[in-house]
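# Architecture and fold: a report
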Amino acid sequence: MKKLYLNAGRFDAIFNDLKDSFNGDLTLNHSEYHLAIKTKWAKGTITGVCLDNKMSHLSFDLVLNQDVSVSIESFQSAPIFFAYCENGGLGHSFGTNGEKKSLKKNQSGILSNTSVINSVLFLESHKRIQFSLIGVPTKGLAENQNAEMISQLKRRFLNESGNYFYTGTNSLKIAQKWQELKTLPQQGIVRNLLKKLILKEIIEMEIAQHSYNYIRTFEPILNLAVKQINEIKRISNLNITEVINAAGLAGRNYLPRIFKEKYHLSYKPYNQKLVS
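Residues numbered from 1 in each chain as written. Predicted model: local features only at pLDDT ≥ 70, side-chain atom pairs only at ≥ 80, totals over all residues. Heavy atoms only, no water.

### A look at the sheet that holds strand 8 (residues 90–94)
Taken in spatial order, the five strands of this open sheet run 1-6-11-8-9, and their pairing is mixed. Only two strands of the sheet have a single partner each, and these edge strands are strand 1 (2–6) and strand 9 (101–103). In this sheet, adjacent strand axes meet at a mean angle of 25° when their direction is disregarded. Both strand 6 (residues 68–72) and strand 11 (residues 119–123) contribute to a ladder of five bridges, which runs antiparallel. Bridging across to strand 11, valine 68 finds its partner in leucine 123. (Pairing = 2+ DSSP bridges. Helix = DSSP H or I, 4+ residues; strand = E, 2+ residues; numbered from the N terminus. Axes fitted to C-alpha atoms, helices over the stretch in contact; angles between N-to-C directions.)

See the structure below:
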């Protein structure tokens, strides 16, 4: 496996690193970078642009003759990355020995890393790999622009551990937006303005999809909690002894003995009304 390292820094520095790593030819046109690669071990292109709101977009279209890992340092701007795999597959782990997760064809994912551990991308050989990344900084200048969206991103996709990776279900609407982004015919300023609008739409759709999945995940727990609350309300006029007696269980000394044997607690404080 060929191992590459990418230092976090300015956008131009990132492309200079990619140029050196892949030994490609780098050109710049209307703030958009284009790296053409044609070597014994890699062929294809990497393109990217950093817009005026510091949101960035990178697109990879590669065929490799050997497996490649790309270790990426954590960015000071704490960006959240939205990924889409159009073809092939993409692996990821936090650190070389971390748990490896995959992004499959037509699947989207979300990644954030504010820890000191590098993010590692794994690219398979002898397959055409096409994937794109949107980077949205959550620190620095970006906080003064799109403040509401940045706030939502922080709540959803940053956690205390500093590492977050989420793979979403296939979404036709999100896939269509990625294709729309790929086929923009315009050039220069107009192209970048349209790109900014589409990138924002993709992010808003990802937030909505993630929020829906998040609620759906916890729905059974919420339903159970509601049932428990309703049951408590139903018997709230009874104390524990009355509930036991109503159920036809053993005598009055049974419950105190179980409390003492099982929980090593005195029964008296719990034999009160559940709702005063």
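The structure having been displayed, the exposition proceeds.
### Points about the confidence of the model for the protein
In the predicted model, the protein carries a mean pLDDT of 77, and the fraction of residues at 70 or more is 72%. At the level of individual helices and strands, the protein shows its lowest average pLDDT in helix 6 (residues 254–263), which scores 55, and its highest in strand 3 (residues 32–38), which scores 94. Note that residues 247–251 has pLDDT below 50 and, in this model, two contacts with residues that lie over four places away or in other chains. (pLDDT = per-residue confidence, 0-100. Contact = heavy atoms within 4.5 Å.)

### Some points on the packing of aromatic side chains
Ring pairs (aromatic) are described by centroid distance and by the angle formed between their planes. Scanning all chains against the criterion turns up six aromatic pairs. Residues phenylalanine 11 and phenylalanine 15 carry aromatic rings whose centres are separated by 5.4 Å and whose planes lie at 55° to one another, so their mutual orientation is tilted. Within this pair, phenylalanine 11 and its partner phenylalanine 15 are both found in helix 1 (residues 11–22), separated by four residues, close to a single helical turn. Exposure remark for phenylalanine 15: the relative accessible area of 0% places this residue in the buried category. Arranged with centres 5.0 Å apart and planes meeting at 15°, the rings of phenylalanine 15 and tyrosine 33 form a pair that is stacked. One end of the pair, phenylalanine 15, is in helix 1; the other, tyrosine 33, is in strand 3, and 18 residues separate them in sequence. Exposure class is identical for phenylalanine 15 and tyrosine 33. Each is buried. Members of the aromatic cluster, each reached through a chain of ring pairs, are Phe11, Phe15 and Tyr33. Lying across the ring of tryptophan 41, lysine 2 places its NZ or CZ 4.8 Å from the centre. (Phe/Tyr/Trp six-rings, centres within 6.5 Å; stacked < 30°, edge-to-face > 60°. Buried < 20%, exposed > 50% of the residue type's maximum accessible area, 1.4 Å probe, protein only. Lys NZ or Arg CZ within 6 Å of the ring centre and 35° of its normal.)

### Observations concerning helix 2 (residues 147–157)
Every buried residue belonging to helix 2 is among Met149, Ile150, Leu153 and Phe157, and all of these are buried. For helix 2, the angular spread of buried residues about the axis comes to 100°, placing them on one side. Exposed residues pointing more than 90 degrees away from the buried face of helix 2 are listed as Glu148 and Arg155. (Arc of directions from axis to C-beta.)

### Quick word on the pairing of strand 12 (residues 128–136)
Among the nine residues in strand 12, eight count as buried, and that is most of the element. Both strand 5 (residues 56–64) and strand 12 contribute to a ladder of eight bridges, which runs antiparallel. When the bridges of strand 12 are listed, phenylalanine 60 appears paired with phenylalanine 131. Here strand 7 (residues 80–87) pairs with strand 12 via seven bridges, running antiparallel. Within the sheet, the bridge partner assigned to cysteine 85 lies in strand 12 and is phenylalanine 131.

### Notes on helix 3 (residues 172–182)
Looking only at helix 3, the buried set comprises Ile174, Ala175, Lys177, Trp178 and Leu181. Each buried residue of helix 3 lies within a common arc of 160° when the element is viewed along its axis, so the set occupies one face. Facing away from the buried side of helix 3 by over 90 degrees, the exposed positions are Leu172 and Lys173.

### Structural notes on the environment of isoleucine 46
Looking at where isoleucine 46 falls in the secondary structure, it is placed in strand 4 (residues 42–50). Exposure remark for isoleucine 46: the relative accessible area of 0% places this residue in the buried category. Between the C-alpha atoms of isoleucine 46 and serine 132, which are 86 residues apart in sequence, the distance is 9.5 Å. Setting aside its immediate chain neighbours within four residues, isoleucine 46 contacts Phe15, Leu18, Phe22, Tyr33, His34, Leu35, Ile37, Ser59, Phe60 and Leu62.

### Topic: the layout of surface pockets
One number sums up the size of the largest pocket: a volume of about 830 Å³. Lining of the largest pocket is provided by 46 residues; of these, Ile14, Ser56, Phe75, Pro79 and Phe81 occupy positions nearest its centre. Looking at the lining of the largest pocket, the elements that each hand over two or more residues are helix 1, strand 5, strand 6, strand 7, strand 8, strand 10 (107–113), strand 11 and strand 12. Sort the elements by how many residues they give to the lining of the largest pocket and strand 10 lands first, with five residues. Residue composition of the lining of the largest pocket, by class: 29 nonpolar, 13 polar and four charged. Reported here for the second largest pocket is a volume of approximately 290 Å³. (1 Å grid on protein atoms, 1.4 Å probe; cavity = no way out; pocket = protein on both sides within 12 Å on 5 of 7 lines; lining within 4 Å. Points joined across faces, edges and corners; volume = space filled by probe spheres on them. Nonpolar A, V, L, I, M, F, W, Y, C, P; charged D, E, K, R; others polar.)

### Here we look at the environment of glutamine 187
Among the structural elements, glutamine 187 can be located in the loop between helix 3 and helix 4 (188–234). By relative accessible area, which is 54% here, glutamine 187 ends up exposed. Separated by 155 residues in sequence, glutamine 187 and glutamate 32 place their C-alpha atoms 9.8 Å apart.

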